[in-house]
Amino acid sequence: MFEIGLVVASLILLIFSLYILQAKYRSLRSQQKFLAQLCTQLEQQKIERQALDIGIVPQEFAPLYHTLDELLKALPASVGKDKLTGLVNRVGLKRALASMMPLTQGTLVLIDIYRFRYVNDLFGFVFGDILLKQFAERLNSLSLSPRLIARLNGDEFCLYYEQALTEEQLIHLRGRLQVPFSIKNTPVSVKLQIGCVHLHEHHADTSQMLRRVDLALKKARHSRSAIAYYAANDDIQQLRELRIIDSLPKGLQRNQVYMVYQAKQDIATGRCFQVEALMRWEHDELGVISPGEFIPLAEYAGMIDLVSQWALDQVLAQQAKWRAAGIQLCVAVNLSTRDLDSETLPQEIAARLAYYQLPPESLMIEITESTLMADLTKAVETLDKIRALGVRLAIDDFGTGHSSLAYLKHLPVNEVKIDKAFLKDLEQDKPSEYILEASINIAKKLGYEVTVEGIETLEIRDRLVAMGVDTLQGMYYAKPMRAAELEMNWAKLHHI
Ligand code: C2E
Ligand code: CA
Ligand code: CA
């Protein structure tokens, strides 16, 4: 009897121990999962933060990074794997690279599937996943075979080669990977953008290497090139860009940013009825920063709405002052195509016009052609609503995108502004003169007013007038001026 009791007690103890063990195992698993998530997050942050390490971010992050490296080493192999493709992920790649350190030669290649988002949007995620798997298989079967292959984010793949790849090899690699896929009997073409770092030129630890290859890919995206390379001064450029993004809200608040206005000349009367507002920024540390530099950064950082709201307010407040002083003109504001994503933009414009008691035709909005064509459907909806308010619309930098004038007919636009790039070769290059003249003629036949910008000499001005242009803008007629200077010149510009 006593023995049976002992057996039962032992059994109970065993079951209890098993239960505890299982609970411990479960908690260990969840801790491990949590740790893995934490690592991926920290790793991501570390890469972003390191861009700032060059000067801005305090060094208290350093011990955290060290702990992170230790954690990475201790994690089980499964954490470093990408479940979808079976390749290593960012954690796995980092760990593999770290185990090979110091790496003094070789090439790191970061590949991005251009606009992969559209594959998902058009065909669904299952389809997108199949494409990613097939892409991974293709990477695994490359004849120019890499030492490491990783999938870092959704559509970003990283290859490590022990040798220095030549440009020809990279072009060949890109060509091989771009051969159209066939998924569920549907042919799918992909376009790839590649960032590349040559390790023998730039010694670095693993995090720096990954950040640099990321920078190289960003360069390819910004310059719309197929392949871009990391260069030593990219770090400095990145730091400058981060400082610009960081200080933009303050710049707007503290009146470091202001508007200048460039008069346009109406050819029929020789007078000025319109000005274009152009932004200027006098940064307290970086000096004068051109809008050509900070506007794309504001777009990239998701801050363009802040900039555009500020621009609309400035311009309409100025307009109200001018109208009160008897200066009647239409002011053009440059907006970004990204602004057109906002469904509330037309109401916001209407509310501002009402607030400043301005007629809608006293405002013109200029949108750049090339970016507009990139995402037309959404943009047209918003443009229609803005046009319905009575606000005037212009297509800016016409000729730099891929649209045809006939296509523009579907846009609710009043004016086409031909890009100044057309003027560059005008003196020597006959074909460019014919193209310019033909574009002006077609635009006018389609009912648009035509402006040509960037006119610097009397000779060019006269030739454009002969071609039938309605309005001219450029240094020849008027430079961009502060509001007060424009007021002083108003009588002359308006021929009063
Ligand atoms: P854009 O809209 O094409 O503006 C015309 C640019 O040509 C301006 O450069 C202007 O100063 C310059 N320009 C004027 N006359 C001449 C000339 O005779 N010759 C030459 N070569 N250039 C001339 P800026 O002011 O540096 O602006 C650059 C670009 O930045 C603008 O190009 C526009 O796309 C953007 N931008 C400027 N202000 C704003 C703004 O308030 N919001 C937005 N979203 N973009 C802006
Ligand atoms: Ca413009
Ligand atoms: Ca322009």
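Just above sits the structure.
Rules used throughout
Residues numbered from 1 in each chain as written. Chains lettered and ligands numbered in written order. Predicted model: local features only at pLDDT ≥ 70, side-chain atom pairs only at ≥ 80, totals over all residues. Heavy atoms only, no water. Salt bridge = Lys/Arg side-chain N within 4 Å of Asp/Glu carboxyl O. Helix = DSSP H or I, 4+ residues; strand = E, 2+ residues; numbered from the N terminus. Donors = N, O, S within 2.8 Å, 3.2 Å for Na, K, Ca; no water. Buried < 20%, exposed > 50% of the residue type's maximum accessible area, 1.4 Å probe, protein only. Polar contact = N/O pair within 3.5 Å; in protein donor to acceptor, adjacent residues only side chain to side chain. Pairing = 2+ DSSP bridges. Expected span 1.5 Å × (residues − 1). Near = heavy atom within 4 Å. Areas by Shrake-Rupley, 256 points an atom, 1.4 Å probe, with all protein chains shown as cover. Nonpolar A, V, L, I, M, F, W, Y, C, P; charged D, E, K, R; others polar. Axes fitted to C-alpha atoms, helices over the stretch in contact; angles between N-to-C directions. Parallel < 35°, antiparallel > 145°, perpendicular 65-115°, else oblique. Left-handed = near helix turned anticlockwise from the far one by under 90°. Contact = heavy atoms within 4.5 Å. Core = buried A, V, L, I, M, F, W, Y, C linked by side-chain atoms within 4.5 Å.

K.L.:
Which parts of the structure should I look at to understand the pattern of salt bridges?
P.N.:
Side chains that carry opposite charge are capable of pairing whenever their charged atoms lie near each other. In total, this model carries 19 salt bridges according to the counting rule given. Here Asp470 ties to Lys444 by a salt bridge, and the two come within 3.0 Å at their closest N and O atoms. Here Asp470, found in the loop between helix 17 (458-466) and strand 16 (471-473), pairs with Lys444, found in helix 16 (residues 430-445); they are 26 residues apart in sequence, far enough to count as distant. Salt bridges sharing common partners tie together Lys264, Glu276, Glu366, Glu415, Lys417 and Glu453.

K.L.:
Would you mind going over the coordination of the calcium ion (ligand 3) with me for this structure?
P.N.:
Under ideal tetrahedral coordination, the four donors around a metal are separated by 109.5 degrees; under ideal octahedral coordination, the six donors are separated by 90 or 180 degrees. Surrounding the calcium ion (ligand 3) are the protein donor atoms Asp396 (OD), Asp397 (OD), Glu453 (OE) and Glu453 (OE), at 2.1 to 2.7 Å. Every donor residue of the calcium ion (ligand 3) comes from the same chain, spaced as D-D-x55-E. Classification of Glu453 by relative accessible area gives buried; the value is 7%.

K.L.:
Looking at this structure, I do not really get the coordination of the calcium ion (ligand 2). What am I missing?
P.N.:
Only Glu276 (OE), Asn334 (OD1), Glu366 (OE) and Asp396 (OD) from the protein reach the calcium ion (ligand 2) as donors, at distances of 2.2 to 2.3 Å. Positions of the donor residues of the calcium ion (ligand 2) along the chain correspond to the pattern E-x57-N-x31-E-x29-D. A spacing of 3.9 Å is found between the calcium ion (ligand 2) and the calcium ion (ligand 3), which share Asp396 as a donor. With Glu276 in strand 9 (residues 272-283) and Asn334 in strand 11 (residues 330-335), this pair connects stretches of sequence that are 58 residues apart. Look at Glu276 and you get buried, because its relative accessible area is 3%. You can call Asn334 partly exposed: its relative accessible area is 28%.

K.L.:
Hey, could you run me through the side chain of Asn89 in this one?
P.N.:
Structurally, the position occupied by Asn89 is in the loop between helix 2 (61-74) and helix 3 (90-99). Residue classification places Asn89 among the buried residues on the basis of a relative accessible area of 15%. For Asn89, the side chain forms a polar contact with the main-chain nitrogen of Val91, separated by 3.1 Å.

K.L.:
I would appreciate a short explanation of the pairing of strand 13 (residues 392-398) in the present structure.
P.N.:
On a regular strand, each side chain points to the face opposite its neighbour's, so the side chains alternate between the two faces of the sheet. Taking burial as the measure, the 7 residues of strand 13 include 7 buried ones, the bulk of the element. Relative to strand 13, strand 12 (residues 363-368) runs parallel, the two being bridged by 5 bridges. When the sheet's bridge partners are listed, Thr368 is paired in strand 13 with Asp396. Sheet topology note: the strand 13/strand 14 (residues 415-418) ladder contains 3 bridges and is parallel.

K.L.:
Help me out: how do you make sense of helix 16 in this one?
P.N.:
Its 16 residues give helix 16 an end-to-end C-alpha distance of 23 Å, which sits within 8% of 22 Å, the value for a rise of 1.5 Å per residue. Immediately downstream of helix 16, the backbone of Gly447 shows phi near 95°, a positive value.

K.L.:
Can you walk me through the site of ligand 1 in this structure?
P.N.:
If you check the shell around ligand 1, you find 20 residues, and the closest are Gln262, Arg280, Asp396, Glu456 and Met475. One of the side-chain nitrogen or oxygen atoms of Arg280 is found 2.9 Å away from an oxygen atom of ligand 1. The contact in question runs from an oxygen atom of ligand 1 to an N or O atom on the side chain of Asp397, over 3.2 Å. The fraction of the free accessible surface of ligand 1 (790 Å²) that becomes covered by protein chains is 82%. Among the elements of the structure, strand 8 (257-266), strand 9, helix 9 (291-300) and strand 13 are those that each provide at least two residues to the shell around ligand 1. Counting residues per element, the shell around ligand 1 draws most heavily on strand 9, at 4 residues. A breakdown of the residues in the shell around ligand 1 according to their chemical character gives 8 nonpolar, 5 polar and 7 charged.

K.L.:
Honestly, the packing of helix 10 (residues 304-324) against helix 11 (residues 345-355) in this entry has me stumped. Any pointers?
P.N.:
Helix packing geometry: the angle between the two helix axes and the distance between the axes. Interhelical geometry of helix 10 versus helix 11 gives an angle of 25° and a closest axis separation of 10 Å. Of the possible angle classes, the one that applies to helix 10 and helix 11 is roughly parallel. For the crossing formed where helix 10 meets helix 11, the hand is right-handed. In this structure, helix 10 uses Gln309, Leu312, Asp313 and Leu316 to contact helix 11, whose residues at the interface are Glu348, Ile349, Arg352 and Leu353.

K.L.:
Is there a simple way to explain the sheet that holds strand 7 (residues 227-229) in this structure?
P.N.:
What holds strands together in a sheet is hydrogen bonding between their backbones, with the strands either parallel or antiparallel. Spatially, the 5 strands line up as an open sheet ordered 2-3-1-6-7, and their pairing is mixed. Each having just a single partner strand, strand 2 (148-153) and strand 7 make up the two edges of the open sheet. Between one strand axis and the next, the sheet turns through 20° on average, direction left out of account. Along the sheet face, helix 5 (residues 125-140) touches strand 1 (107-113), strand 2, strand 3 (156-161) and strand 6 (192-198) and points at about 10° away from the line of strand 3.

K.L.:
What am I meant to see in the nonpolar core here?
P.N.:
The nonpolar side chains of soluble globular proteins are, as a tendency, buried together. In terms of nonpolar packing, the biggest core is built from 77 residues, with Ile365 and Leu464 touching the most fellow members. Discounting residues that sit within four places of it in the chain, Ile365 has contacts with Leu312, Val333, Leu335, Ile349, Ile386, Val391, Arg392, Leu393 and Ala394. Ile111, Leu131, Leu159 and Ile183 belong to the second largest nonpolar core, which has 30 residues in total.

K.L.:
Would you mind going over the packing of helix 7 (residues 206-222) against helix 8 (residues 234-253) with me for this structure?
P.N.:
Axis separation between helix 7 and helix 8 bottoms out at 11 Å; the angle between their running directions is 75°. Accordingly, the angle class assigned to the pair helix 7 and helix 8 is roughly perpendicular. Where helix 7 approaches helix 8, its residues Arg211, Arg212, Leu215, Lys218 and Lys219 are matched on the opposing element by Asp234, Asp235 and Gln238. Each residue belonging to the contact of helix 7 with helix 8 can be placed in one class, and the counts come to 1 nonpolar, 1 polar and 6 charged.

Coordinates in, geometry out; function isn't part of it.
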